Amino acid sequence: MLFYIRCVDKPGHLHVRKANRDAHLAYVKEGYADKIVAAGPTLDLDLEGMNGSVFIIDLEDMTAAETMTSNDPYAKAGLFESVVIRPFKKVF
């Protein structure tokens, strides 16, 4: 089942994102690379800073999606202000 996952960083926490980026990328690559349809950071309007993350990912169920996000090094470091997980239907 496809899921849309939108993580919004806490304001002023770019330093947390940068400090945990390598661990986040390793976590995603090692555990989820083959399940990702699309993923990447959202950017500030000036295109300079990152302020969140988006995934379209194929996982078994909502519990698997919640587990993926809660075990992400970014989440463990307290980076996210909010996380939204929704089932997703690919049309195009």
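The coordinates are above.
Residues numbered from 1 in each chain as written. Predicted model: local features only at pLDDT ≥ 70, side-chain atom pairs only at ≥ 80, totals over all residues. Heavy atoms only, no water.

Undergrad: I keep staring at the nonpolar core and nothing clicks. Help me out?
TA: In summary, soluble globular proteins display a tendency toward joint burial of nonpolar side chains. If you look at the biggest cluster of nonpolar residues, it comprises 17 residues, and the most contacted ones within it are Phe3, Ile5, Ile57, Leu59 and Met68. Breaking this core down by element, the ones donating at least two residues are β1 (2-9), α1 (14-32), β3 (50-58), α2 (62-71) and β4 (80-87). With four residues, α1 is the single largest residue contributor to this core. (Core = buried A, V, L, I, M, F, W, Y, C linked by side-chain atoms within 4.5 Å. Buried < 20%, exposed > 50% of the residue type's maximum accessible area, 1.4 Å probe, protein only. Helix = DSSP H or I, 4+ residues; strand = E, 2+ residues; numbered from the N terminus.)

Undergrad: I tried to follow α1 on my own but got confused; where do I start?
TA: Because the α-helix completes a turn every 3.6 residues, residues three or four places apart line up on one side. Here α1 is 19 residues long, yet its end C-alpha atoms lie only 24 Å apart, well below the 27 Å a rise of 1.5 Å per residue gives. Along its length, α1 shows its largest kink, about 55°, at Asn20. Looking at α1, one finds that the buried residues are Val16, Arg17, His24, Tyr27, Val28 and Tyr32. For α1, the secondary structure elements touched by its buried residues are β1, β2 (36-43), β3, α2, α3 (73-76) and β4. (Expected span 1.5 Å × (residues − 1). Bend = angle between axes of the 7 residues up to and from the residue. Contact = heavy atoms within 4.5 Å.)

Undergrad: So what exactly am I meant to see when it comes to the pattern of salt bridges here?
TA: Pairs can form between side chains of opposite charge whenever their charged atoms are close. Under the criterion given, the structure shown has one salt bridge. The closest approach of N and O atoms between Asp9 and Arg17, which form a salt bridge, is 2.7 Å. Residue classification places Asp9 among the buried residues on the basis of a relative accessible area of 7%. A relative accessible area of 2% means that Arg17 is categorised as buried. (Salt bridge = Lys/Arg side-chain N within 4 Å of Asp/Glu carboxyl O.)

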